[in-house]
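Take a look at the letters that make up each chain.
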Amino acid sequence: MTFRTTYYFIGIFIGLFVACTPPEKPADTPLPTPTQNAVFIINEGNFGWGNASISYYDSTQKTTTKDIFQPANNRPIGDVLQDAKKIGNYLWTVVNNSGKIEIIDTKTFKSVYTISGLKSPRYLLPIHSKAYLSDFKDNAISVLDLNEKKITQKIYFPGWSEQMLLYQNIIWITAPHSKNIYLLDTLTNTIQDSILLNTGGTSIVMDKLNRIWVLCEGDIGGIENPILYVINPETKQIIQKFVFGKSASSRPRCLATSNDKSYIYFFNKHLYRLGIMDTTLPAQYLIQNTGGEWYSLNIQPNTNNLFITNAMDYVQIGKLETYSPEGNLIGSIPAGIVPNGVIF
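This section reports on the structure supplied with the text. Fair warning: this is a prediction, and the values are worked out from it, not measured in the lab.

Calculation notes
Residues numbered from 1 in each chain as written. Predicted model: local features only at pLDDT ≥ 70, side-chain atom pairs only at ≥ 80, totals over all residues. Heavy atoms only, no water. Core = buried A, V, L, I, M, F, W, Y, C linked by side-chain atoms within 4.5 Å. Buried < 20%, exposed > 50% of the residue type's maximum accessible area, 1.4 Å probe, protein only. Helix = DSSP H or I, 4+ residues; strand = E, 2+ residues; numbered from the N terminus. Contact = heavy atoms within 4.5 Å. Pairing = 2+ DSSP bridges. Axes fitted to C-alpha atoms, helices over the stretch in contact; angles between N-to-C directions. Salt bridge = Lys/Arg side-chain N within 4 Å of Asp/Glu carboxyl O.

## Overview of the nonpolar core
Core analysis: the biggest nonpolar cluster contains 17 residues, and Phe40, Ile54, Ile77 and Leu81 have the highest contact counts within it. Of all the secondary-structure elements, those providing two or more residues to this core are β1 (38-43), β2 (53-58), α2 (69-73), β4 (81-87) and β5 (90-95). Counting residues per element, this core draws most heavily on β1, at 3 residues. In contact with Leu81, not counting residues within four places along its chain, are Ile42, Asn43, Glu44, Ala52, Ser53, Ile54, Thr93, Val94, Val95 and Asn340. If you look at the next biggest cluster of nonpolar residues, it comprises 16 residues, including Leu165, Tyr167, Ile212 and Val214.

## Quick look at the sheet that holds β2
The strand order across the open sheet built from 4 strands is β3-β2-β1-β27, with neighbouring strands paired in antiparallel fashion. This sheet does not close on itself; its edge strands, each paired only once, are β3 (63-65) and β27 (339-343). Across the sheet, the mean angle separating the axes of adjacent strands is 20 degrees when strand polarity is ignored. Relative to β3, β2 runs antiparallel, the two sharing 3 bridges. In the sheet register, Tyr56 faces β3, and the bridge partner there is Thr65.

## Section: the pattern of salt bridges
For the coordinates displayed, the defined rule picks out 11 salt bridges. As a salt-bridge pair, Glu224 and Lys179 come within 2.4 Å of each other at their nearest N and O atoms. Here Lys179 lies in the loop between β13 (170-173) and β14 (180-185) and Glu224 lies in the loop between β17 (212-216) and β18 (227-232), a separation of 45 residues in the sequence. Given a relative accessible area of 19%, Glu224 falls into the buried group.

Honestly, that's just the spatial picture; any functional story needs more than this.
Below, the structure written as structure tokens:
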């Protein structure tokens, strides 16, 4: 399997073999005073260990707190922190293997509500007063009422649903085990259509011309080439595709866009940047990865600095690396186990 989740599960098994006891309970940590420069680092942790965490980084003071949830709530957040969205003054965190959503106050870091009983939730897409939740095992997209903090509906989905993107009233949903991308109508809450692409669809972004980019990372056996598609959402036609080479060293993943949406970024061991009007894949990387496993890319608003999380070997403490828009290293700080994203 070539897409990102596979390498996470490889890390799971490595972690289980190198140690027989769970990590020690972290020591009490003084909580930081929240500022407008707060950066939350989402750390997945090791599958089955319950050692997910949220790190806090003040990008102005350059200070880091390893975990803010544990000391604020006298308990760990759970097992595999998959996703988080900032909605108002709260972080809605999706805890995959614990089957729940923890809603956290960004001022006090305390959990104010827990939505439990989920199967294997993946990503949350807020839309006004509701949100849509993808899932690995549930064969459904869940619809949540953000005010009532509960699931109000489940929409049938054929298998594993992953990342989602909203265009007008349609949610575009990637499906790693399928060759299709699916379109969900938010007015009727039904799957309206699907488009045939390639196996392993995971990342999805939109450029400034409102074109949708979908990265299909290929099949488990490595028979299919990874392909980056560009789709016109009005006509639902593929207008361009970039085909990657088929090799052990070629595994593109993790699409992201610049703040003005004129560039597409992706990892293929190193970090590459592609102009939205380019017709060929870049021959040279923007930033060289000199060690570890780059896991996510987030672009800081205003500065356009690149925040890259490094999962290292999926067992030891990860890192958050910061680069200028030109690709120059600004600094690196420790994060938690398997850092998979940044919330500004």
